Amino acid sequence: MLVPLEWIKEYVAVEADAQEVANRLTMGGLEVEGIEQTPAGAVLDVYITPNRGDCLSLLGVAREIAALYDLPLKIPSPPASEQGGEAANSTSVMIENTDLCPRYAARMVRNIKIEPSPEWMQKRLEAAGQRPINNLVDVTNYVMLELGQPLHAFDLDTLSESRIVVRCAKEGEHLTTLDGVERELNPNMLVIADAHKAVAIAGVMGGADTEVTETTVNLLLESAHFNPLSVRRTARALGMRTEASYRFERVVDPDGVRRAVDRACELLAGMGQPQAVSGVIDFYPNPPAPKEIALRVSRAAALLGISDITAEEAKDCLRRIGLSAREEGDTLHVEIPGFRPDLTLEEDLVEEVGRIYGYENIPETLPIGATTRGGESEEGQFIAHVRNLLASSGLQEVVTHSLTPTSVFDTSSEDPRRVPVRNALSSEIGGLRRSHLPGLLQVAQRNATRAGQHSLALFEVGRVWQNEIIAGMHTPVEFLSVAGLLMGELEESGWQKDRTPLIADFGAVRGVLERLLSGLHIDKVGWEPLGESASDYPQFHPGRTALVSFGEDYPTGIVGELHPRIVQQLELRHRVYLFEVALEALQGAATVEERYQSASRFPTAQRDLAPRVATSITYSDVVRAISSANAPNLVDFRLTDVFQGNPLPEGVKSLTLSFTFRSGQGTLTDGEINSAMEQLRQALIEHIGATFVA
């Protein structure tokens, strides 16, 4: 908001220069973004936060300056109009929806002459960023800038039956607004109407049919209070944003409605225009009871860290911003005026006391307490550990946007598990991400198509969201997830440069995940092929994907190859391998304590088994069978070969399993090793139906 300093001095006699005033306002909570020197003097560009609608006026900013400098504030006091009078005999006002329009005031001016406004008013308006038009339009803009209350002027002779009806629009009703655009209205929009038709959109813009022109003789001046949510919804639905709607959306003081219309009549009379018709129609059927908030001085002292602040000092700070208070022991009962709707809690008043008292006057103290200590949370430490493990595996971390569009990775744009964003600004930020994988694929596609980088190893850790059915309703649930992507050639250490490059495959992505699990000391891991679940994961290759679980009966992660169909859609050269795991599951299965085991001084012994099993047997089945054997001194085992075809029967495959044994107590004997191997052989026979060739 542009604030001419010379205009401000009409309300508060501040002697400081523009820079000093700007510094004081910024320290007091209103940020000044710049100062411009104009023919009308210095103009401050003040940023007004959405909760401070009272400062969208020169009087509001002047009130802040007066409070910060502890100077008296001169408030415009036009001659007060009286209820009724000739105005009530010439026109009428009816409000059909008092929830959307709690108050409406109207005054009449007859025999007006439309002409340029005085030079002093034009200069002030130009300094505040408004273009002068004529005396009537300039007066309504002047009052809006001065008091923060938007006004609207109707040509009284164009109002059917000289009536004002505040109502909701009718279905299919149309109105051509002052900008010349015909707009279709709906019953959710509040309008100002005459006896037959809508003539203005309440709080947004007037209509062209009742516009004041050079031939206008008689005026009806409107000053009203409209529901801020109603104005915001209407302005957004119509794609309109006006000076009036901007203020109404941030709550205009309902107690200032009458003063604003009286001020406009005073200014018109000062320009030599006819006096307004006596009386005012002020329809205010349900004025709210005065709002009062209790402020404990001891609570304010504790929150602000000012141990010696007194009730009188706190009361004086509130007085300076226009709040009256009565003292009752340690408590101040503060009456909240209509121009400060942002004050709703005791803490709001504490903040007001603090900023008027002066943040620079609050003493600096160090935190105290036996339990006061800094440091990362347990969850944060775990996430950092996961990041370090993946980075040490050669993956590079990326951070993608949590708001995402639908992508080729999504099964459907109407997926009920997707969490949509209401009133999304564009389709590119239409919903919260359900997974990190679409974001990683987007990064991969951008690097491949724009930078020619076809070999990537990426990971991301962060929050994802998904609709779940809770109590019969789709409810957004937030959780943490870690995901990775491998594509193309894998980076190799220096001594391998002359060798054939390693290309990402399922073994590589599984190896990354296994290294992560090993670093977290997670031993019990289940790897299940998709099998019958392949239809639930159409984004993955059905034969090169596995579900991952950590000791539970249900999977908490997935690892595998991206479906070739999606690879082709993304125009990628290489196969893409992905994994994603729920971080809560990882943290629940991880062992926090570090494990230390002394190296054995004794040699290892290796033995092989070549069981024949049905082709339907998975590696996970083999792992479970071996684990069930509890073979003594077994420290490792690997699958080194799989063979199918002649001379094996159809439906049978031969596995080569290599077992490593070692004892910390001494060198193992052949008898001990053979006994352990027999246990393994029997476990494979019993659990997966293995056979062995003699």
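J.: Before we go on, may I ask you to explain the overall build of the protein chain in this structure?
T.: Along the protein chain, the regular secondary structure elements total 19 helices and 31 strands. The C-alpha atoms of the protein chain give 38 Å as radius of gyration, which overshoots the globular expectation for 694 residues (26 Å, by more than 25%). Taking the principal axes of its C-alpha atoms as reference, the protein chain extends roughly 120 × 65 × 50 Å. Roughly 35300 Å² of accessible area belongs to the protein chain as shown, and the carbon and sulfur atoms make up 48% of that amount. Charge centroids of the protein chain, computed over 63 positive and 96 negative side chains, lie 3 Å from each other.

J.: I keep staring at the pattern of salt bridges and nothing clicks. Help me out?
T.: For side chains of opposite charge, pairing can occur when their charged atoms come near one another. Summed over all chains, the structure comprises 41 salt bridges. The partner of Arg163 in a salt bridge is Glu161, with the nearest N and O atoms 3.4 Å apart. Of the residues examined, Arg163 reaches a relative accessible area of 26% and is grouped as partly exposed. Ionic pairing is found between Glu678 and Arg681, a salt bridge with its closest N-O pair at 3.6 Å. One end of the pair is Glu678 and the other is Arg681, both in helix H19 (residues 670–688) and 3 residues apart, which spans about a single turn. The structure contains a network of salt bridges with shared partners spanning Arg52, Asp54, Glu64, Arg340, Asp342, Glu352 and Arg355.

J.: Quick question: what am I supposed to make of the sheet that holds strand S24 (residues 526–529) here?
T.: Note on sheets: strands pair through backbone hydrogen bonds, and any given pair is parallel or antiparallel. Strand order in the open sheet made by the 7 strands is S18-S22-S23-S27-S26-S25-S24, with mixed pairing throughout. Only two strands of the sheet have a single partner each, and these edge strands are strand S18 (396–397) and S24. When strand S22 (residues 456–470) meets strand S23 (residues 473–487), the two strands line up antiparallel, connected through 15 bridges. Looking at S23, one finds that Val461 is bridged to Val482. Those strands touched by helix H15 (residues 506–519) are S23, S24, strand S25 (540–549), strand S26 (557–562) and strand S27 (576–582), and its axis lies near 25° from that of S27.

J.: Help me understand the packing of helix H5 (residues 119–127) against helix H6 (residues 135–147) in this model?
T.: Packed helices, taken two at a time, are described by their axes: the angle between them and the distance between them. It is the contact of H5 with H6, at a shortest axis distance of 11 Å, that shows an interaxial angle of 55°. Taken together, H5 and H6 sit at an angle that is classed as oblique. Judged by the sense of rotation from one axis to the other, the crossing of H5 with H6 is left-handed. Facing H5, whose interface residues are Trp120, Met121, Gln122, Arg124 and Leu125, H6 presents Asp138, Val139, Asn141, Tyr142 and Leu145.

J.: Any chance you could explain the sheet that holds strand S21 (residues 431–432) here in plain terms?
T.: Spatially, 3 strands are ordered S19-S21-S20 in an open sheet, and the strand pairing comes out antiparallel. Only two strands of the sheet have a single partner each, and these edge strands are strand S19 (403–404) and strand S20 (419–420).

J.: I would appreciate a short explanation of the pairing of strand S4 (residues 92–95) in the present structure.
T.: On a regular strand, each side chain points to the face opposite its neighbour's, so the side chains alternate between the two faces of the sheet. What you see with S4 is a clean split: Val93 and Ile95 sit on the buried side and Ser92 and Met94 on the side with no burial. Looking at chain direction, S4 and strand S7 (residues 163–168) are connected through 4 bridges and run parallel. Paired with Met94 across the bridge in S7 is Val165.

J.: Just checking my understanding: could you explain the environment of Val421 for this structure?
T.: Position of Val421 relative to the elements: it lies in the loop between S20 and S21. Taking the C-alpha atoms as reference, Val421 lies 36 Å from Arg355; in sequence the two are 66 residues apart. What Val421 contacts, discounting residues up to four positions off in sequence, is Leu403, Ile429, Gly430, Gly431 and Leu432.

J.: Quick question: what am I supposed to make of the packing of helix H13 (residues 378–392) against H15 here?
T.: Where H13 contacts H15, the axes come no closer than 10 Å and their chain directions differ by 140°. Classified by the interaxial angle, the pair formed by H13 and H15 is oblique. For the pair H13 and H15, the crossing hand works out as right-handed. On the side of H13, the interface is formed by His385, Val386, Leu389, Leu390 and Ser392, while H15 contributes Val512, Arg515, Leu516 and Gly519. Looking at the contact of H13 with H15 residue by residue, the classes come out as 5 nonpolar, 3 polar and 1 charged.

J.: Honestly, helix H2 (residues 18–27) in this entry has me stumped. Any pointers?
T.: Residue pairs spaced three or four apart in an α-helix point in one direction, given the helix's 3.6 residues per turn. Along H2, the positions that sit buried rather than exposed are Ala18, Val21, Ala22 and Leu25. Taken down its axis, H2 places every buried residue within 100° of arc, on the same side. Turning to H2, the residues buried within the fold contact helix H1 (5–8), strand S2 (31–38), strand S3 (41–47) and helix H3 (58–69). Once H2 ends, the next one or two residues include Gly29, with phi positive near 115°.

J.: What's the story with the side chain of Lys653 in this structure? I'm lost.
T.: In this structure, Lys653 sits in strand S31 (residues 652–661). Buried charge without a partner: Lys653 forms no salt bridge, and the closest opposite charge is Asp621, 7.8 Å away. A distance of 2.7 Å separates a polar side-chain atom of Lys653 from the backbone oxygen of Ile617. The residues touching Lys653, leaving out its near neighbours within four places in the chain, are Pro611, Arg612, Val613, Ala614, Thr615, Ile617, Val642, Phe643, Gln644 and Leu648.

J.: Would you mind going over the pairing of S22 with me for this structure?
T.: With 11 of its 15 residues buried, S22 lies for the most part within the structure. The pairing of S18 with S22 spans 2 bridges and is classified as parallel. Considered in S22, the bridge of Gln396 is made with Leu458.

J.: What's the story with the packing of aromatic side chains in this structure? I'm lost.
T.: Two measures describe an aromatic ring pair: the distance that separates the ring centres and the angle between the ring planes. Summed over all chains, the structure comprises 4 aromatic pairs. A ring pair is formed by Trp7 and Tyr142, whose centres lie 4.6 Å apart and whose planes are at 25°; its orientation type is stacked. In this pair, Trp7 is assigned in helix H1 and Tyr142 in helix H6, connecting sequence segments 135 residues apart. We classify Tyr142 as buried; its relative accessible area is 0%. Centroid distance Phe226 to Phe248: 5.1 Å. Interplanar angle 70°. Geometry classified as edge-to-face.

Parameters at a glance
- Residues numbered from 1 in each chain as written.
- Predicted model: local features only at pLDDT ≥ 70, side-chain atom pairs only at ≥ 80, totals over all residues.
- Heavy atoms only, no water.
- Helix = DSSP H or I, 4+ residues; strand = E, 2+ residues; numbered from the N terminus.
- Rg over C-alpha atoms; globule rule 2.2 N^0.38 Å.
- Areas by Shrake-Rupley, 256 points an atom, 1.4 Å probe, with all protein chains shown as cover.
- Lys, Arg positive; Asp, Glu negative; His and termini not counted.
- Charge placed at Lys NZ, Arg CZ, Asp CG, Glu CD.
- Salt bridge = Lys/Arg side-chain N within 4 Å of Asp/Glu carboxyl O.
- Buried < 20%, exposed > 50% of the residue type's maximum accessible area, 1.4 Å probe, protein only.
- Pairing = 2+ DSSP bridges.
- Contact = heavy atoms within 4.5 Å.
- Axes fitted to C-alpha atoms, helices over the stretch in contact; angles between N-to-C directions.
- Parallel < 35°, antiparallel > 145°, perpendicular 65-115°, else oblique.
- Left-handed = near helix turned anticlockwise from the far one by under 90°.
- Nonpolar A, V, L, I, M, F, W, Y, C, P; charged D, E, K, R; others polar.
- Arc of directions from axis to C-beta.
- Polar contact = N/O pair within 3.5 Å; in protein donor to acceptor, adjacent residues only side chain to side chain.
- Phe/Tyr/Trp six-rings, centres within 6.5 Å; stacked < 30°, edge-to-face > 60°.

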